[in-house]
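What the coordinates show
Each chain, letter by letter, is given below.
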Amino acid sequence: MTKPEVKLAPSVLSADFSRLGEAVREATEAGADYIHIDIMDGHFVPNLTVGPPMVAALRPWTKLPFDVHLMMSEPDRYLEAFARAGSNIITVHAEACVHLHRSVQAIKALGARAGVAINPASPLSLIEEVLAEADLVLLMSVNPGFGGQSFIPASLDKITRLRRMLDESRCLGTELEVDGGINAELASAVVKHGARVLVAGNAVFHKGESVAQAVARLRASLDKA
C-alpha cells in the first residue's frame, strides 16, 4: 500500500517572536511544506498574536504557502486584509461563522484556498455541509489559544471519523490538517488515523535542536510508520 503524502506546517506561534522572519526562513530551508500562522484576537480565544501587517512582513522570507489560521470572532471582516497580506490558505472556525458557507465562498473569491476549523468539543456535523466546498479542514487536537499544550487523545478517533467522512463524500482534494500537541512520537499515529497535514509548533521551534533537526526528526518518524 502506498504511503500517503504528508505535509508539515511549522507553526511560528512557538518561534521567537523577535526573529520571526529568520524562523520562517529556517523552516523553509528545513523542508517545510506550509508556514502555519496563528491569528488570535483575545475574544474567540484567550490570547493575542499578530495581524495582517505581520503576515505581510513575513511574506518576503519564503515562497512557501502561508497557512493562516484565524482564531477570531467575526473573521469575515478581515478576510480581504489577510488575503492582501499574502495568505494562501485562510482558515476560519465553524464556531465563529454565522454563515459558514458564505465565509468559505468569500475566501475563494479573494483568490485564497478556504479552510474550515473545528474545536475539540465541536461535533463533526458542524462542518459536514461545507466539506465539498472546503479546500482544507483543520481539526484542533488541543483547545485553541496557546501553544505547548498536550494532544487530546480522543482526537485520534475524531480524525478517523473525519477521514471517513471526507472519503465517503469523495472530497479527495480536501486536506485534513491536525493542529495541537503533535510531536515525533505522535505524528505517525495521527497520520495512520487519517491526517495529511501536520501542524507542529513546539516540536519544531525549541532550544534543544535546530529547526532542520526537528523537521528531520518528524519526517523520520513518519518514514518509520
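What this report covers is the structure whose coordinates are included nearby. (Residues numbered from 1 in each chain as written. Predicted model: local features only at pLDDT ≥ 70, side-chain atom pairs only at ≥ 80, totals over all residues. Heavy atoms only, no water.)

So, on to the pattern of salt bridges. A full pass over the atoms with the stated rule returns nine salt bridges. Here Glu80 and Arg84 are joined by a salt bridge, their closest N and O atoms 2.6 Å apart. Linking Glu80 with Arg84, this pair stays in helix H3 (residues 79-84), spanning four residues, or about one helical turn. On the accessibility criterion, Glu80 (39% relative accessible area) is partly exposed. Linked through salt bridges whose partners overlap, the residues forming this network are Lys7, Arg113 and Glu175. (Salt bridge = Lys/Arg side-chain N within 4 Å of Asp/Glu carboxyl O. Helix = DSSP H or I, 4+ residues; strand = E, 2+ residues; numbered from the N terminus. Buried < 20%, exposed > 50% of the residue type's maximum accessible area, 1.4 Å probe, protein only.)

On to unusual backbone geometry. Unlike most non-glycine residues, Glu74 shows phi in positive territory, near 50 degrees. Residue placement: Glu74 occurs in the loop between strand E3 (66-71) and H3. Phi at Arg170 takes a positive value of approximately 60 degrees, unusual for a residue other than glycine. Summarising the element assignment, Arg170 is placed in the loop between helix H5 (155-168) and strand E7 (175-179).

Before going further, it helps to spend a moment on the sheet that holds strand E2 (residues 35-40). Strand order in the open sheet made by the eight strands is E1-E8-E7-E6-E5-E4-E3-E2, with parallel pairing throughout. Of all strands in the sheet, those bounded by a partner on one side alone are strand E1 (7-10) and E2. Recorded for the sheet is a direction-independent mean angle of 25 degrees between the axes of neighbouring strands. Bridging between E3 and strand E4 (residues 89-93) involves four bridges; their strand directions are parallel. Note that in E4 the partner of Val68 across the bridge is Ile90. Taken strand by strand, H5 contacts strand E5 (113-118), strand E6 (136-140) and E7, and its axis lies near 165 degrees from that of E6. In this fold helix H7 (residues 211-223) packs onto E1 and strand E8 (197-200), with an angle of close to 150 degrees to the strand it touches most, E1. (Pairing = 2+ DSSP bridges. Axes fitted to C-alpha atoms, helices over the stretch in contact; angles between N-to-C directions. Contact = heavy atoms within 4.5 Å.)

Summed over all chains, the structure comprises zero disulfides. Among the cysteines around Cys97, which has no disulfide bond, Cys171 carries the closest sulfur, lying 18 Å off. Judged by its relative accessible area of 10%, Cys97 is buried. (Disulfide = S-S within 2.5 Å.)

Of all the residues in helix H4 (residues 100-109), the buried ones are Leu100, Ser103, Val104 and Ile107. The buried residues of H4 occupy an angular sector of 100 degrees when the element is viewed end-on, so they sit on one face. Projecting away from the buried face of H4 at angles above 90 degrees are the exposed residues Arg102 and Ala109. Positive phi appears at Gly111, one or two residues downstream of H4, with a value of about 90 degrees. (Arc of directions from axis to C-beta.)

The subject of this paragraph is the packing of aromatic side chains. One pass over the structure, following the stated rule, counts zero aromatic pairs. When the ring centre of Phe66 is taken as origin, the NZ or CZ atom of Arg59, which lies over that ring, is 3.8 Å away. (Phe/Tyr/Trp six-rings, centres within 6.5 Å; stacked < 30°, edge-to-face > 60°. Lys NZ or Arg CZ within 6 Å of the ring centre and 35° of its normal.)

Let's shift gears to the nonpolar core. Counting residues in each nonpolar core, the largest one holds 66 residues, and the members touching the most others are Ile37, Ile39, Leu70, Ile127, Leu162, Val190 and Leu198. If you tally residues by element for this core, the top one is H5, at five residues. Beyond its immediate chain neighbours, meaning those up to four positions away, Ile37 contacts Val12, Val50, Val55, Leu58, Phe66, Asp67, Val68 and His69. Core analysis: the second largest hydrophobic core is formed by ten residues, Ala9, Leu138, Val142 and Val199 among them. (Core = buried A, V, L, I, M, F, W, Y, C linked by side-chain atoms within 4.5 Å.)

With five of its six residues buried, E5 lies for the most part within the structure. Relative to E5, E4 runs parallel, the two being bridged by five bridges. In the strand pairing of E5, His93 is matched with Ala117. Viewed along the sheet, the connection from E4 through H4 into E5 turns out right-handed. Pairing geometry for E5 and E6, over four bridges, is parallel. When the bridges of E6 are listed, Gly115 appears paired with Leu136. (Right-handed = clockwise from strand over helix to strand, strands pointing away.)

As far as function goes, none of this settles anything; it's purely spatial.
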